[in-house]
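Structural features, examined
This is what each chain is made of:
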Amino acid sequence: MLRREEPLGPIPGDGALLRETLRIAWPSMLESFLVALVGFIDTIMVSSLGTAAIAAVGLTTQPKFICLAVFLSLNVAVSALVARRRGEQDPVRANRVVVQSILLTLGLTLVISVLAVAFADPIMRLAGTASDTHEDATAYFRIITGGMVFNTLSMVINAAQRGAGNTRIAMKTNIVANGVNIVFNYLLIGGNLGFPRLGVRGAAIATVLGTVVACGMSIHSVLRRGGFVCLRGRIRVSFDRETMRAIANIGSSTLAEQLFLRIGFLTYSIIVANLGTVAFAAHQVGMNILSISFSFGDGLSVASVALVGRSLGEGRRDLARIYGGICQKVGIFFAAVLSVIYLLFSRQIFLLFSEETDILSYGDMIMRLMVVVVFLQISQVVFTGCLRGAGDAKYTALVSLVSVAFVRPFSGWLLCYPLGLGLFGAWLGLAIDQLVRFTMTYVRFRQGKWVYLKI
């Protein structure tokens, strides 16, 4: 990994490096996996209401993430900055980042939440709803965005904890919250144990209730004494130029990245939605399954942000590169395991959602492509995490602009409609996007210039 460069200090043995990587990574991987699994279970529970209900919930996904884009970008900045301050052993400046990020989150959430609820109807029409999906999709979107303050506040606190290496806190928070979500899904979707039968609206309320619990646990985690991220005692509740400049330096680039991602994903989703409710429902099931593999890459990406940021804060560019390589190898291992599962059990997995012949036929095609896509997806997500941990957010934004905002929707549309490949063409476009992102992030990682960035 050092490419003939001299080490800058003692290099731990391979076993020690792997153990440290897994110590940081496994809670994040488990957390991301459980979040994806709950989405998976959500879709299974909603599927009891019919194909249109699956499509309705799926159509809210990209508009919801567009609303969260500014917070996702802010959280990347928080994680990277707290990780760097952890390496510098500077908890005071780290906690300034946390406080000011919380203030920004509360203010922005108020504005975005009000606008999303007020304009839910035209937003969902733009997302591609049809007559059989519009009412449920709009109701679901209003409930989710109306209660998003609990989600955004929990997200920013957990981002800070991950940056400090406290990945278990975020994991525990999400495990409990996801449990609450599943329980209330059971009670409210079908109206069990005397609760009202609310259908798709019940699924949305269950999600919000889960985020309420998560928010409470996250706040409790930063009020305990002794942690690197601790907001007890004399904390200055104000903005300062140095901290805001550092947040803006990374956050502005990651915001651009998130906007490119979400616009590209939304455009792609609209392209698929125009194929009809059944095709989009099958597509949504496939995306839920793909999110399981993404969860492993995402967990390793979180670990790479913490490990790379900490190493660079300590002045150890050599360790930053080594940890990035280890995260990548662990990711390839999980990709291999998942590809075997997808290959052997594709039909059984889709049968969890639907027994409709058309959806199962689409499912066979989707799962065959996913066997290859999973390797590209996990690899590019880990490389992106390394670059983000170093503060190379402008390049990751460029990757999203080129690949997600242009390559995925254009190739998806071209293969789907002019070339007449339908849903198969749309998924080929997705695979091409993953290949382009993998190539661009791999080249940047191997060049090594990212280890010299200052944040």
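Residues numbered from 1 in each chain as written. Predicted model: local features only at pLDDT ≥ 70, side-chain atom pairs only at ≥ 80, totals over all residues. Heavy atoms only, no water.

Over its 16 residues, helix H7 (residues 148-163) extends 23 Å from the first C-alpha to the last, a length consistent with the 22 Å expected when each residue adds 1.5 Å. Of all 16 residues in H7, 13 are buried, a share of seventy percent or more. Positive phi shows up at Gly-165, right after H7, with a value of about 90 degrees. (Helix = DSSP H or I, 4+ residues; strand = E, 2+ residues; numbered from the N terminus. Expected span 1.5 Å × (residues − 1). Buried < 20%, exposed > 50% of the residue type's maximum accessible area, 1.4 Å probe, protein only.)

As a further point, take a nonpolar patch on the surface. Together, Phe-333, Val-337, Val-340, Ile-341, Leu-343, Leu-344 and Phe-345 give the surface a local cluster of nonpolar side chains, amounting to about 660 Å² of exposed area. Relative to the helices and strands, Val-340 is located in helix H12 (residues 317-344). (Patch = residues over 30% accessible without salt bridge, like charges linked within 9 Å, V, L, I, M, F, W, Y side chains within 5 Å. Areas by Shrake-Rupley, 256 points an atom, 1.4 Å probe, with all protein chains shown as cover. Salt bridge = Lys/Arg side-chain N within 4 Å of Asp/Glu carboxyl O.)

With that settled, consider the nonpolar core. Judged by nonpolar contacts, the single largest core of 67 residues is most densely connected at Ile-289, Tyr-342, Phe-350, Met-370, Leu-423 and Trp-427. Here Met-370 is in contact with Gly-286, Ile-289, Leu-290, Tyr-342 and Trp-427, once residues within four sequence places are set aside. In terms of nonpolar packing, the next biggest core, distinct from the first, is built from 26 residues, Ala-94, Ile-157, Phe-228 and Val-229 among them. (Core = buried A, V, L, I, M, F, W, Y, C linked by side-chain atoms within 4.5 Å. Contact = heavy atoms within 4.5 Å.)

Here we take up the side chain of Asn-95. Considering the arrangement of structural elements, one finds Asn-95 in helix H4 (residues 91-118). Judged by its relative accessible area of 10%, Asn-95 falls in the buried class. With residues up to four places along the chain from it excluded, the contact list for Asn-95 reads Phe-228, Val-229, Cys-230 and Leu-231.

With phi around 55 degrees, Gln-89 is a residue other than glycine that occupies positive phi space. Along the chain, the position of Gln-89 falls in the loop between helix H3 (61-87) and H4. The backbone of Leu-193 sits at a positive phi, close to 55 degrees, despite the residue not being glycine. Here Leu-193 is to be found in the loop between helix H8 (167-189) and helix H9 (200-221). Overall, Leu-193 belongs to the exposed group, its relative accessible area being 69%.

Quick look at the packing of helix H11 (residues 277-313) against helix H16 (residues 422-447) now. The contact between H11 and H16 brings their axes to 11 Å, and the two run at 30 degrees. Relative to H16, H11 is oriented roughly parallel. In this structure, the crossing between H11 and H16 has a hand that is right-handed. Contacts between H11 and H16 involve Ala-279, Ala-282, His-283, Gly-286, Met-287 and Leu-290 on the former and, on the latter, Leu-423, Trp-427 and Leu-430. Classifying every residue of the contact of H11 with H16 by side-chain character gives 7 nonpolar, 2 polar and no charged. (Axes fitted to C-alpha atoms, helices over the stretch in contact; angles between N-to-C directions. Parallel < 35°, antiparallel > 145°, perpendicular 65-115°, else oblique. Left-handed = near helix turned anticlockwise from the far one by under 90°. Nonpolar A, V, L, I, M, F, W, Y, C, P; charged D, E, K, R; others polar.)

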